[in-house]
Amino acid sequence: MVARRRKRAARDSAEGILSPPGYAAIQIKFSEKQRTYHYLYIKEHRVREGTKSSWPQKRTLFVLNVPPYCTEECLSRLLSPCGPVQSVELQGKPELAESPKEPKSKIFHPKPVSGFQVAYVVFQKPSGVSAALALKGPLLVSTESHPVKTGIHKWISDYVESVLDPEALRVEVDTFMEAYDKKIAKEEAKAKEEEGVPDDEGWVKVTRRGRRPVLPRTEAASLRVLEREKQKRARKELLNFYAWQHRETKMEHLAQLRKKFEEDKQRIELMRAQRKFRPY
């Protein structure tokens, strides 16, 4: 295995292509007008013994240095001459398992990975991996039949696609909510069936259910809860624990006494001013 990698590295260096050990390099060009080449580094996907991987062995090609403008459809088209391609997945970093597949939406798209990526290309037959390792370039990414947008054209296209049709958005949201409601109803029905039924070890899961359904809190109720929590924290605070707390408490008490004394004096003066002689 090591000798084979050394021979491949020596052959690539003799051709003027530098590639990491164990990888084969494929030249690609964005278009016919481009004079410079970009290199994809590929090898057969293998894992150590005892390590589980969801990618099928002997049929998966691992690709490094995938440029941002190269999409999954584009990569599948470039490698299709090597054999039928079953699937292509782009990721930000190498992973041992496939990312969970979600139903594709015409409106809601996952956030694309910025920068260069890695790819896992799964062929229908193991011969596709061998043919891809022996593939020679340069390969064209953007052709007349399959143009690839970049730069300002891609920005304009992304902006146009970002403007949503309200009716299509409503249909998409309604469909999602219907599927979500069915999922929740199914989970509740399953939980109700399993309620009170012991598991394999004899344990019974106990759940608490009130007589009335829980209502969402209003803003006033939330404020009352926050006020109670604030009062609870205030009661837990240590009062008059430090010397400076004693001094501040005494000063505040004296200030309150002075204020009350002045208020009493003013009230007495007012009462004296209002006193009148009334014989009858």
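Preceding this paragraph is the structure being described.
What counts and what doesn't
Residues numbered from 1 in each chain as written. Predicted model: local features only at pLDDT ≥ 70, side-chain atom pairs only at ≥ 80, totals over all residues. Heavy atoms only, no water. Helix = DSSP H or I, 4+ residues; strand = E, 2+ residues; numbered from the N terminus. Buried < 20%, exposed > 50% of the residue type's maximum accessible area, 1.4 Å probe, protein only. Contact = heavy atoms within 4.5 Å. Areas by Shrake-Rupley, 256 points an atom, 1.4 Å probe, with all protein chains shown as cover. Core = buried A, V, L, I, M, F, W, Y, C linked by side-chain atoms within 4.5 Å. Pairing = 2+ DSSP bridges. Axes fitted to C-alpha atoms, helices over the stretch in contact; angles between N-to-C directions. 1 Å grid on protein atoms, 1.4 Å probe; cavity = no way out; pocket = protein on both sides within 12 Å on 5 of 7 lines; lining within 4 Å. Points joined across faces, edges and corners; volume = space filled by probe spheres on them. Nonpolar A, V, L, I, M, F, W, Y, C, P; charged D, E, K, R; others polar.

A word on the overall build of the protein chain
- From N to C terminus, the protein chain includes seven helices and six strands.
- Reading the protein chain from its N terminus to its C terminus gives the helix and strand order α-β-β-β-α-β-β-α-β-α-α-α-α.
- Sorting the 280 residues of the protein chain into buried and exposed places 21% on the buried side.
- By sequence separation, contacts in the protein chain at least 24 residues apart represent 64% of the contacts at least 6 residues apart.
- Of the accessible surface of the protein chain, which amounts to about 23,700 Å², a share of 56% is contributed by carbon and sulfur atoms.

Some remarks on the side chain of His45
- Following the sequence through the fold, His45 ends up in the loop between β2 (38-44) and β3 (60-66).
- When sequence neighbours within four positions are dropped, the list of residues in contact with His45 reads Ser53, Trp55, Gln57, Thr60, Phe62 and Tyr120.

Observations concerning the nonpolar core
- Leu61, Val63, Leu75, Val121 and Phe123 are the most contacted members of the largest nonpolar core, which has 27 residues in total.
- The dominant element in this core, judged by the number of residues it contributes, is helix α2 (residues 72-79), at four residues.
- The residues touching Leu75, leaving out its near neighbours within four places in the chain, are Leu40, Cys70, Val88, Leu90, Ala119 and Val121.
- Judged by nonpolar contacts, the second largest core, of eight residues, contains Trp55, Phe62, Val118 and Val122.

What about the sheet that holds β3?
- Strand order in this open sheet of six strands is β4-β5-β3-β2-β1-β6, and the pairing throughout is mixed. The sheet is open, and its two borders are formed by β4 (85-91) and β6 (139-140), each paired with just one other strand.
- Relative to β3, β2 is paired through four bridges, and the arrangement is antiparallel. Across the sheet, Ile42 pairs through a bridge with Val63, a residue of β3.
- Against the sheet, α2 engages β2, β3, β4, β5 (117-123) and β6, with an angle of about 135 degrees to β4.

Points about the pairing of β2
- In terms of burial, β2 is largely enclosed, as five of its seven residues are buried.
- The sheet contact formed by strand β1 (residues 24-29) and β2 spans five bridges and is antiparallel. If you follow Gln27 over to β2, its bridge partner there is Tyr39.

Some words on the environment of Val141
- With respect to the helices, strands and loops of the structure, Val141 is situated in the loop between β6 and α4 (151-162).
- Its relative accessible area of 0% is what places Val141 among the buried residues.
- Once the C-alpha coordinates of Val141 and Cys70 are considered, the two residues, 71 residues apart in sequence, prove to be 7.3 Å apart.
- Residues in contact with Val141, not counting those within four places in the same chain, are Ile28, Lys29, Phe30, Tyr69, Cys74, Arg77, Leu78, His146 and Val148.

Description of empty space enclosed by the protein
- One pass over the structure, following the stated rule, counts one cavity of 30 Å³ or more.
- By volume, the largest cavity is sized at about 40 Å³.
- Considering the residues around the largest cavity, the lining is formed by Ile26, Leu40, Ile42, Val63, Leu75, Leu78, Leu79 and Leu139.
- Contributing elements (two or more residues each) for the lining of the largest cavity: β2 and α2.
- Along the lines of polarity and charge, the residues of the lining of the largest cavity split into eight nonpolar, no polar and no charged.

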